[in-house]
Structure formats: structure tokens, C-alpha cells
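# Results of the structural survey
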Amino acid sequence: MGLELYLDLLSQPCRSIYIFARSNNIPFEFKHVELFKDSVLGKRPAAGSGAEQPRAGPSNSEGTGKVSLLKKVPALKDGDFTLAECTAILLYLSRKYNTPDHWYPSDIQKRARVDEYLSWHHANIRANAPKTMWIKVLIPLFTGQPLPSEKLQEVMEGLSTSLKQFEERFLQDKAFIIGSEISLADLVAIVELMQPVGVGCDIFEDRPRLMEWRRRVEDAVGKELFFQAHEMILNIKELSNIQIDPQLKEQLAPVLMKMLK
């Protein structure tokens, strides 16, 4: 029984795992999980809109619950072994498949720099960047009305602070976060920062150092793979075609609003 990865490429952590596995030629079976269809939000129309998941078959949301005790993606199944959480999965893949050292360096200090970024990431970039999608697309989809522009401005200000710290503390004048080669830190960062881009908040504009770093990351993993992985997020507005059960709307709308308080 081979490696199975349960992923939805609308999810930033899922995209990092997908890109990492593909760019390192790791053989795996893509288990397509549609969070917005099967387990979180609503039901897509039977045919029509939306980009297709790369190499994805029927949705596997039920299987995810059996693989991950947390019942969420990403999830990994390798024979009888199962694993959840993005960082844990990335490290497992890098060790099992002996991927090039630059991803998670054997040098203890370089490895510590990767760990440092991954620790900082969750309370900073990840705490701000995804909110742009909730504010501009998902919450209006559930509530039927847009949020005040002040809410987006507040989130963008927080994200701007995180981006300034990212450039000054982590990127500095280096090609990548830990030096001259890409690492897991760069991969985890870039997928998160593409989330605002998908909803029209181009955080790379007017940030030339950040833009050059993005281009280097794209080149390092391959532009074709990079944009294939991000195809759905770059067409996120097509989610407006999702058919959401009225009862589900009533249940989740208040929860989503609380997320941004």
C-alpha cells in the first residue's frame, strides 16, 4: 500500500505538502478532499464552475476522518501509519524520502533557522493572511452581505506589520529565508501569502524585495507546478457559485463572524 495524501488545494498547508511532494518526485496517491463541499461549508453544483484539482478523483472527505483523528486536512496515510499537521507531514516526507538537504538542513544552525520561522509563522503571517479570504469572499457568501471596509483595513494593517517583520527579520538581504537555497520555511510562507493575492489583495505590490523572493521560490519549485497548485485560490471568486444549505448558513455565519473579532 503506497503513500496517500488527503488534500484540498484551497488550503495553504495542503498546497505546501503538494508542492513539496511533487517537486521532490515523491510518489503518492492524491486523495481529493473538498472541504467546501463535503465537510465544512456547502455543496457545489453538480456541474459547471471551478478549476479542477490536479490529478484528483472523487472526493475523499469520509476517508479523511478515518486517517486523521483531527478530521481535517492535510492528512497522510503510509501503509498502516497515519499522520496529521502540515509541519509534521513535511518533516516526515523529507526524512523518509531523503530529500535534498536544503529543504530541512542537517546543519544544526540552519535547521534552527527553519524551526524559528515555522514557530513564528503561525502567530504572524498565518494569523493575518487567511483572514483576507474570509472577509472578502467567505463571510459575505454566508451572511449575504459584505463586511465593513474597516475590517479589511484592520486585517491588512496587521498583515503589513507581519510582512515588515518577515522582510527585516527573516529575509533580510538573502535569496531565501536561510540563505542561498529554498527551505521548508520559504514554502510554508509563500503558500500563505498567496491567499490574499487570490482575493485581490496583492501584498507583493510595492514590496520589491518580497516580490523578488516570490519569483525565486517559483523558480525553485517550478513555475508550472507553482501555478498548478494555486489555480483554485487564484480563482477563488468562483466559490460564489457554491450552493449552501440554508440551515448550514444559519449555523456557521455567527461562528465565522466571531473568527474576526
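The structure contained in this document is the topic of the report that follows. (Residues numbered from 1 in each chain as written. Predicted model: local features only at pLDDT ≥ 70, side-chain atom pairs only at ≥ 80, totals over all residues. Heavy atoms only, no water.)

### Focus on the sheet that holds strand E1 (residues 3–7)
Taking strand neighbours across the sheet as the criterion, the four strands line up as E2-E1-E3-E4 in an open arrangement whose pairing is mixed. One side of each edge strand has no neighbouring strand; the edge strands of this open sheet are strand E2 (29–32) and strand E4 (81–84). Recorded for the sheet is a direction-independent mean angle of 20° between the axes of neighbouring strands. Where E1 meets E2, four bridges bridge the pair, whose relative direction is parallel. Residue pairing for E2: Glu4 is matched across the bridge by Glu29. Across the sheet, helix H1 (residues 12–23) touches E1 and E2, and the angle it forms with E1 is around 145°. (Pairing = 2+ DSSP bridges. Helix = DSSP H or I, 4+ residues; strand = E, 2+ residues; numbered from the N terminus. Axes fitted to C-alpha atoms, helices over the stretch in contact; angles between N-to-C directions. Contact = heavy atoms within 4.5 Å.)

### Focus on the nonpolar core
Formed by 62 residues in total, the largest nonpolar core has its most connected members in Tyr117, Phe166, Ile190, Phe204 and Trp213. Counting residues domain by domain, this core receives three or more from each of domain 1 (3–41 + 60–99) and domain 2 (105–260). The residues contacting Ile190, other than those within four sequence positions of it, are Phe204, Trp213, Arg214, Val217 and Phe226. (Core = buried A, V, L, I, M, F, W, Y, C linked by side-chain atoms within 4.5 Å. Buried < 20%, exposed > 50% of the residue type's maximum accessible area, 1.4 Å probe, protein only. Domains from an automatic or database assignment.)

### Focus: the pattern of salt bridges
One pass over the full model with this rule turns up 13 salt bridges. Of the charged contacts in the structure, one is a salt bridge between Glu85 and Lys72, with a shortest N-O distance of 3.5 Å. One end of the pair, Glu85, is in the loop between E4 and helix H4 (86–96); the other, Lys72, is in the loop between helix H3 (61–67) and strand E3 (75–78), with 13 residues separating them in the sequence. Glu85 gets classed as partly exposed once you look at its relative accessible area, which sits at 40%. Lys96 serves as the salt-bridge partner of Asp78, at 2.4 Å between the closest nitrogen and oxygen. Remark: Lys96 occurs in helix H4 and Asp78 occurs in strand E3; sequence separation between them is 18 residues. We classify Asp78 as buried; its relative accessible area is 12%. (Salt bridge = Lys/Arg side-chain N within 4 Å of Asp/Glu carboxyl O.)

### Thoughts on the packing of H1 against H4
For the pair H1 and H4, the least separation of the axes is 10 Å and the interaxial angle reads 10°. It follows from the interaxial angle that H1 and H4 lie roughly parallel. Together, Pro13, Ser16, Ile17 and Phe20 of H1 and Cys86, Ile89, Leu90, Leu93 and Ser94 of H4 make up the contact between the two elements. Partitioned by chemical class, the residues of the contact of H1 with H4 number seven nonpolar, two polar and no charged. (Parallel < 35°, antiparallel > 145°, perpendicular 65-115°, else oblique. Nonpolar A, V, L, I, M, F, W, Y, C, P; charged D, E, K, R; others polar.)

### Focus on helix H8 (residues 149–171)
Think of an α-helix as 3.6 residues a turn; residues three or four steps apart then line up on the same face. Between its first and last C-alpha atoms H8 spans 31 Å; for 23 residues at 1.5 Å apiece the expected length is 33 Å, and the two agree. Along H8, the residues that are buried comprise Leu152, Val155, Leu159, Ser162, Leu163, Phe166, Glu167, Phe170 and Leu171. In the core, the buried residues of H8 are packed alongside helix H5 (108–123), helix H6 (125–128), helix H7 (131–143), helix H9 (184–198) and helix H10 (208–221). Looking one or two residues beyond H8, the residue adopting positive phi is Gln172, at roughly 50°. (Expected span 1.5 Å × (residues − 1).)

### Section: the packing of H5 against H9
Axis separation between H5 and H9 bottoms out at 8 Å; the angle between their running directions is 25°. When the axis of H5 is compared with that of H9, the two are roughly parallel. The crossing of H5 and H9 is left-handed. Two secondary-structure elements touch here, H5 through Val114, Tyr117, Leu118 and His121 and H9 through Leu184, Ala185, Val188, Ala189 and Glu192. For the contact of H5 with H9, the per-class residue count stands at seven nonpolar, one polar and one charged. (Left-handed = near helix turned anticlockwise from the far one by under 90°.)

### A short note on the packing of aromatic side chains
Applying the stated rule across the entire model yields ten aromatic pairs. Ring centres 5.7 Å apart and planes at 45° place the aromatic pair Tyr117 and Trp120 in the tilted group. One end of the pair is Tyr117 and the other is Trp120, both in helix H5 and three residues apart, which spans about a single turn. Assessed through its relative accessible area of 9%, Trp120 is described here as buried. Connected via pairs of aromatic rings, a cluster forms that spans Tyr117, Trp120, Phe166, Phe170 and Trp213. A cation sits over an aromatic face here: Arg214 above Phe204, 4.9 Å from the ring centre. (Phe/Tyr/Trp six-rings, centres within 6.5 Å; stacked < 30°, edge-to-face > 60°. Lys NZ or Arg CZ within 6 Å of the ring centre and 35° of its normal.)

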